[in-house]
Amino acid sequence: MTRLAFALAVLLPLAAAAQPMPEGDAQILQQRLQAIDSNPDTAGTAAYERLQARQSLASLVNARSSQRAAALQIAQWRVETAELAARTEASRRELTQLERERSALIVEASRQDAVRARQEAERLRIQAQIQAEEAARLRLAAEEETTARQQAETVLQGVASGEAAKLRAARQREAELRRREAELLKSLEQP
């Protein structure tokens with residue numbers, strides 16, 4: 001069946017070209033059909049509809065004058081049908097291509113989102129690590145400060161106790177000296 005359609009598709013335009021074409025509308029229809037064939041977007045589309053249009057144009061060429069108006073109307077419809085079918089199929093192909101491109105863009109966008117998410121996660125991990133290191137450094141500094149304060153307090157307590165002991169010793173000595181002074185004064189006052 002495909003070979004027959006191919007043979008008709010090849011032979012009918014040749015037969016139509018060999019016979020005299022009616023002037024006017026038939027030539028315009030033939031040109032419209034050739035425009036479908038020559039357009040790279042529609043060249044391989046609507047083969048059956050184009051075949052029917054070629055057949056109707058051939059019938060138009062062979063039609064008697066009484067049937068010419070009806071044959072012309074049929075040829076116009078068939079050419080219009082072929083044009084619509086070719087545009088529809090070309091649009092479907094374009095839509096399929098656009099859907100593929102859309103899918104590819106969605107995949108690429110998802111991949112880029114994943115890359116950005118990984119980069120953000122890595123940035124947050126590094127930031128958390130820096131914060132943890134900073135917290136550990138601050139904790140260590142606080143511990144060192146606490147240790148230094150405790151040592152200073154111990155030293156101060158040691159100094160204070162030493163000074164307090166010295167003060168007590170000085171007071172005891174002072175009390176001892178007063179007592180001696182008082183004894184001496186008493187002994188001087190007593191004859």
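Residues numbered from 1 in each chain as written. Predicted model: local features only at pLDDT ≥ 70, side-chain atom pairs only at ≥ 80, totals over all residues. Heavy atoms only, no water.

Caption draft 1: Region of the structure containing the overall build of the protein. Helix and strand counts for the protein come out as four helices and zero strands. Along the protein, from the amino end to the carboxyl end, the secondary structure elements read α-α-α-α. The buried share among the 191 residues of the protein stands at 16%. Considering only contacts within the protein whose residues lie at least 6 apart along the sequence, 71% involve residues at least 24 apart. In the form shown here, the protein has an accessible surface area of approximately 14,700 Å², with 57% of it arising from carbon and sulfur atoms. (Helix = DSSP H or I, 4+ residues; strand = E, 2+ residues; numbered from the N terminus. Buried < 20%, exposed > 50% of the residue type's maximum accessible area, 1.4 Å probe, protein only. Contact = heavy atoms within 4.5 Å. Areas by Shrake-Rupley, 256 points an atom, 1.4 Å probe, with all protein chains shown as cover.)

Caption draft 2: Layout of the nonpolar core. L29, L33, L57 and L60 are the most contacted members of the largest nonpolar core, which totals 16 residues. Secondary-structure elements contributing two or more residues to this core are helix 2 (25–38), helix 3 (47–62) and helix 4 (68–189). Setting aside chain neighbours within four positions, we find L33 in contact with R50, A53, R54, L57, V79 and A82. (Core = buried A, V, L, I, M, F, W, Y, C linked by side-chain atoms within 4.5 Å.)

Caption draft 3: Region of the structure containing unusual backbone geometry. A positive phi angle, near 50°, is found at A46, a position not held by glycine. The topology assignment puts A46 in the loop between helix 2 and helix 3. With a relative accessible area of 4%, A46 lands in the buried category.

Caption draft 4: Structural detail: the confidence of the model for the protein. On average, residues of the protein carry a pLDDT of 83, and 87% of them reach 70 or more. At the level of individual helices and strands, the protein shows its lowest average pLDDT in helix 1 (residues 2–18), which scores 43, and its highest in helix 4, which scores 90. Scored below 50 in pLDDT, residues 1–22 makes 23 contacts in the model with residues more than four places away or belonging to other chains. (pLDDT = per-residue confidence, 0-100.)

Caption draft 5: A look at the packing of helix 2 against helix 4. Where helix 2 meets helix 4, the axes come as close as 10 Å, and the angle between the chain directions of the two elements is 20°. As far as their axial angle goes, helix 4 and helix 2 are roughly parallel. Judged by the sense of rotation from one axis to the other, the crossing of helix 2 with helix 4 is left-handed. Contacts between helix 2 and helix 4 involve D25, A26, L29, R32, L33 and I36 from the former and L72, A75, Q76, V79, E80, A82, E83 and A86 from the latter. Tallied by class, residues from the contact of helix 2 with helix 4 come to nine nonpolar, one polar and four charged. (Axes fitted to C-alpha atoms, helices over the stretch in contact; angles between N-to-C directions. Parallel < 35°, antiparallel > 145°, perpendicular 65-115°, else oblique. Left-handed = near helix turned anticlockwise from the far one by under 90°. Nonpolar A, V, L, I, M, F, W, Y, C, P; charged D, E, K, R; others polar.)

Caption draft 6: Local environment of the pattern of salt bridges. In this structure the tally under the stated criterion is 15 salt bridges. A salt bridge links E174 to R178; its shortest N-O distance comes to 2.3 Å. One end of the pair is E174 and the other is R178, both in helix 4 and four residues apart, which spans about a single turn. Assessed through its relative accessible area of 53%, R178 is described here as exposed. It is possible to trace a salt-bridge network through shared partners that takes in E176, R179, R180 and E183. (Salt bridge = Lys/Arg side-chain N within 4 Å of Asp/Glu carboxyl O.)

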